[in-house]
Each structure stands twice: as structure tokens, then as C-alpha cells.
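# Results of the structural survey
The primary structure of each chain is shown beneath.
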Amino acid sequence: MEAILATFGPLVLMVLIFYFLLIRPQQKKQKQVREMQSNLKKGDKIVTIGGFHGTVHAIDEEVVVLLATDGAKVTYDKSAIARVVESN
């Protein structure tokens, strides 16, 4: 019994360390991003994962139409929105 514990103990400890230091914080961050993307509304100023800055003009379940500063309308997937800079 001690041999099994001595063999698998460090492995279990490593898995727990990886979970609490790497996996769990990443899951929390992904949850926050999903909540931010689901709470988008018209007029929010956002930045996409590609660095495009724009204002939300229209929003659908999976698609967001952004208005650029020159008046151009660009369509993005909702998952491409990285963060909200400012909202109205």
C-alpha cells in the first residue's frame, strides 16, 4: 500500500497543482468573456481579438455588426469580441 501511495502520490499532487494554477483560472476567464459577450448591447464600444475598434450597431445571437469611425459597417462573430472599452 505504501509503495502505491509513494508511486502515485506525486502524480496526484502534480495534477492538483496544474488544476488550481492553470486550468481553473483559465476556466474562470473564459466564463467572464462569455458573460461579457452575451451582455453586449447596441452602443457599446468594443475591441475585437484582431484589434479592430468599433461601436456595436446591431447584435444577433452569434453575429455583431460594428460601426467604424468612418461609418463603415463590419460584421463579426460574437466570439471575436475581446473586450468592451466603454458603454452607453
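Here is a short report on the structure shown in this document. (Residues numbered from 1 in each chain as written. Predicted model: local features only at pLDDT ≥ 70, side-chain atom pairs only at ≥ 80, totals over all residues. Heavy atoms only, no water.)

## Quick look at the overall build of the protein
For the protein, the count of helices and strands is one helix and five strands. Reading the protein from its N end, one meets helices and strands in the order α-β-β-β-β-β. Whereas a compact globule of 88 residues would reach a radius of gyration of roughly 12 Å, the protein reaches 21 Å, over 25% beyond that. For the protein, the spread of C-alpha atoms along the principal axes amounts to about 70 × 20 × 20 Å. A buried classification covers 18% of the 88 residues belonging to the protein. (Helix = DSSP H or I, 4+ residues; strand = E, 2+ residues; numbered from the N terminus. Rg over C-alpha atoms; globule rule 2.2 N^0.38 Å. Buried < 20%, exposed > 50% of the residue type's maximum accessible area, 1.4 Å probe, protein only.)

## Re the side chain of Lys78
Of note, Lys78 is situated in the loop between strand E4 (73-77) and strand E5 (81-86). One buried charged residue, Lys78, forms no salt bridge at all, with the nearest opposite charge on Glu61 at 5.6 Å. (Lys, Arg positive; Asp, Glu negative; His and termini not counted. Salt bridge = Lys/Arg side-chain N within 4 Å of Asp/Glu carboxyl O.)

## Digging into a negative patch on the surface
A surface patch of like charges, here negative, comprises Asp60, Glu61, Glu62 and Asp77. Relative to the assigned elements, Glu62 resides in the loop between strand E2 (53-59) and strand E3 (63-67). For Glu62, a relative accessible area of 61% gives the class exposed. (Patch = residues over 30% accessible without salt bridge, like charges linked within 9 Å, V, L, I, M, F, W, Y side chains within 5 Å. Areas by Shrake-Rupley, 256 points an atom, 1.4 Å probe, with all protein chains shown as cover. Charge placed at Lys NZ, Arg CZ, Asp CG, Glu CD.)

## A word on helix H1 (residues 2-38)
The terminal C-alpha atoms of H1, which comprises 37 residues, lie 51 Å apart, in line with the 54 Å expected from a rise of 1.5 Å per residue. The sharpest bend along H1 measures roughly 40 degrees and falls at Tyr19. (Expected span 1.5 Å × (residues − 1). Bend = angle between axes of the 7 residues up to and from the residue.)

## Focus: the nonpolar core
Side chains of nonpolar character tend, in soluble globular proteins, to be buried together. With seven residues, the main nonpolar core is built from Met36, Leu40, Ile46, Val56, Val64, Leu66 and Ile81. Leu40 has contacts with Ile46, Ile59, Val64, Lys78, Ile81 and Val84, leaving out every residue within four places of it along the chain. (Core = buried A, V, L, I, M, F, W, Y, C linked by side-chain atoms within 4.5 Å. Contact = heavy atoms within 4.5 Å.)

## A look at the packing of aromatic side chains
Considering all chains together, one arrives at two aromatic pairs under this definition. Between Tyr19 and Phe20 the ring centres are 5.0 Å apart and the planes differ by 80 degrees, which places this aromatic pair in the edge-to-face class. With a relative accessible area of 47%, Phe20 lands in the partly exposed category. (Phe/Tyr/Trp six-rings, centres within 6.5 Å; stacked < 30°, edge-to-face > 60°.)

## Observations regarding the pairing of E2
Pairing analysis gives three bridges linking strand E1 (residues 45-48) to E2, with the strands arranged antiparallel. By the bridge assignment for E2, Val47 is matched with His53. The turn joining E1 and E2, which pair antiparallel and follow one another in sequence, is formed by four residues; a positive phi near 95 degrees is taken by Gly51. Where E2 folds back on E3, the antiparallel hairpin that results is connected by three residues. (Pairing = 2+ DSSP bridges.)

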